[in-house]
Amino acid sequence: MDRPRMVWMGQNTTHLEPPPEVVEALLESTRSREFQLYAPALGFEELRGLIAEDLGLPDFEVMITDGAVGGLHHICTALAPSITRLVTSDPGWPWPARFVALAGVPTSTIEIYSPDCGYKLQAGRLEEVIEEGSLIYLIDPLNPLGSVYERGELEAIVDLARRTESLLVHDCTYRHFAAGHTLAAELYPEGTFTTYSFSKWLGLAGLRLGAVVARPDLLDRLSRVPSNPLGANIQAQRAAIAGLKAKGEWLERLLDVNAGNQRIVAAHRKALTK
């Protein structure tokens, strides 16, 4: 389709020169031939601890996955026999609906591309379609709209999830780009799976590394049969460990560059609408 006013923005991954510590971790792992080994099924303990610390969820369990999407696939396929419906949004990400469809689980997709709902999935709309034992898929911040859920909005969604004994997947792929982000796991620890990605903020998209984070008793529903019992990519895990340790200065630089790019895009959009 001919869309002359559409601007290609890439794939939302970081293309900046990575922290030198990350590159060195990859090189050292290669030099020591760690690629000849299998990793622990749930990932290196150090990495799991660093992710929990980064999220501010020290008492939660972490399972390292083959990218955040690998974690999403495992959540959807492992829970499919016990859930009644998946509830998601449009715009959103289509894959969770396709994952649960393999087991015949129906999906309700709520249209949110409107200022009337603040471009977010609101509890009132959710209540219209949710069933007992549903799985709610919430992307926050939401690509491609950039919507971020306020704490009060999450509280309303969580209250509904609790009342219907539903589970919640909080897809936090873009969390590091949002100021004052609230984790649903803080409000609904007994029923929230948080997915974590290294593709966006650290730029490890091609290494395929992510995580699922949940309270130990909840994560046990997944980790008793890991999606990859031979462990995620060892070199990727080494890079992620180095990245989390260097996160402070690196993330500050990344956000500065990102803000500058957003100003350029905003200026270009303004010029196009004149």
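This text goes with the structure placed above it.
Residues numbered from 1 in each chain as written. Predicted model: local features only at pLDDT ≥ 70, side-chain atom pairs only at ≥ 80, totals over all residues. Heavy atoms only, no water.

Chemist: Tell me about a negative patch on the surface, and name the residues and values.
Modeler: On the surface, a cluster of negative charge is contributed by Glu-21, Glu-249, Glu-252 and Asp-256. In terms of residue count, the dominant contributor to the negative patch is helix H10 (residues 247-272) (three residues). Note on placement: Asp-256 falls in helix H10. For Asp-256, a relative accessible area of 51% puts it in the exposed group. (Patch = residues over 30% accessible without salt bridge, like charges linked within 9 Å, V, L, I, M, F, W, Y side chains within 5 Å. Areas by Shrake-Rupley, 256 points an atom, 1.4 Å probe, with all protein chains shown as cover. Salt bridge = Lys/Arg side-chain N within 4 Å of Asp/Glu carboxyl O. Lys, Arg positive; Asp, Glu negative; His and termini not counted. Charge placed at Lys NZ, Arg CZ, Asp CG, Glu CD. Helix = DSSP H or I, 4+ residues; strand = E, 2+ residues; numbered from the N terminus. Buried < 20%, exposed > 50% of the residue type's maximum accessible area, 1.4 Å probe, protein only.)

Chemist: Summarise the sheet that holds strand S5 (residues 167-171); cite the residues concerned and give the values.
Modeler: Overall, mixed pairing links the seven strands, which are arranged S1-S7-S6-S5-S4-S2-S3 in an open sheet. Each edge of the sheet is formed by a strand with only one pairing partner; in this case those strands are strand S1 (61-65) and strand S3 (107-111). Across the sheet, the mean angle from the axis of one strand to that of its neighbour is 25°, orientation sign disregarded. As judged from the five bridges shared by S1 and strand S7 (residues 210-214), these two strands associate in the antiparallel manner. (Pairing = 2+ DSSP bridges. Axes fitted to C-alpha atoms, helices over the stretch in contact; angles between N-to-C directions.)

Chemist: Describe in detail H10, supporting the description with residues and values.
Modeler: Taking 1.5 Å per residue as the helical rise, H10 with its 26 residues ought to reach 38 Å, and the 36 Å between its terminal C-alpha atoms agrees with that figure. For H10, every residue scored as buried is listed here: Lys-247, Trp-250, Leu-251, Leu-254 and Gly-260. Buried residues in H10 make contact with helix H2 (45-55) and helix H9 (234-245). (Expected span 1.5 Å × (residues − 1). Contact = heavy atoms within 4.5 Å.)

Chemist: Can you tell me about the nonpolar core, naming the residues and giving the values?
Modeler: As a rule of thumb, nonpolar side chains are buried together in soluble globular proteins. Ranked by internal contacts, the top residues of the largest apolar core, which has 43 residues, are Leu-121, Leu-126 and Phe-193. Within the second largest apolar cluster, 35 residues are counted, among which are Ala-39, Phe-44, Ala-240 and Leu-244. (Core = buried A, V, L, I, M, F, W, Y, C linked by side-chain atoms within 4.5 Å.)

Chemist: Outline the pairing of strand S2 (residues 86-90), supporting the account with residue identities and numerical values.
Modeler: Extensive coverage of S2 is indicated by the burial of four of its five residues. Bridge count for S2 against S3 is five bridges, and the pairing is parallel. Residue pairing in the sheet places Val-87 in a bridge with Ser-108 of S3. A crossover connection joins S2 to the parallel S3 through helix H4 (residues 95-101); in handedness this β-α-β unit is right-handed. (Right-handed = clockwise from strand over helix to strand, strands pointing away.)

Chemist: Help me get a handle on the environment of Tyr-196, residues and values and all.
Modeler: Among the secondary structure elements, Tyr-196 is positioned in strand S6 (residues 192-197). On the accessibility criterion, Tyr-196 (2% relative accessible area) is buried. Separated by 22 residues in the primary sequence, Tyr-196 and Tyr-174 place their C-alpha atoms 8.8 Å from one another. Here Tyr-196 is in contact with Ile-51, Asp-54, Leu-55, Ala-68, His-176, Trp-201, Gly-210, Ala-211 and Leu-244, once residues within four sequence places are set aside.

Chemist: Describe the packing of aromatic side chains, and please don't skip the residues or the numbers.
Modeler: All told, the structure shown has five aromatic pairs when counted by the stated rule. Seen in terms of ring centroids, Trp-95 and Phe-99 are 5.9 Å apart; in terms of plane orientation they differ by 35°. Their pairing is tilted. Within this pair, Trp-95 and its partner Phe-99 are both found in helix H4, separated by four residues, close to a single helical turn. A connected cluster of aromatic rings, assembled from ring pairs, spans Tyr-196, Phe-198 and Trp-201. (Phe/Tyr/Trp six-rings, centres within 6.5 Å; stacked < 30°, edge-to-face > 60°.)

Chemist: Requested: an account of the packing of H2 against H9, with residues and values cited.
Modeler: It is at 10 Å that the axes of H2 and H9 come closest, and there the two elements cross at 40°. On the basis of their axis angle, the class for H2 and H9 is oblique. Like other packed secondary-structure pairs, H2 and H9 cross with a definite hand, here left-handed. For the pair formed by H2 and H9, the contact residues are Glu-46, Leu-47, Leu-50, Ile-51 and Asp-54 on the first element and Gln-237, Ala-240, Ile-241, Leu-244 and Lys-245 on the second. Residues of the contact of H2 with H9, tallied by class, amount to six nonpolar, one polar and three charged. (Parallel < 35°, antiparallel > 145°, perpendicular 65-115°, else oblique. Left-handed = near helix turned anticlockwise from the far one by under 90°. Nonpolar A, V, L, I, M, F, W, Y, C, P; charged D, E, K, R; others polar.)

The values reported here are purely geometric and, on their own, carry no functional implication.
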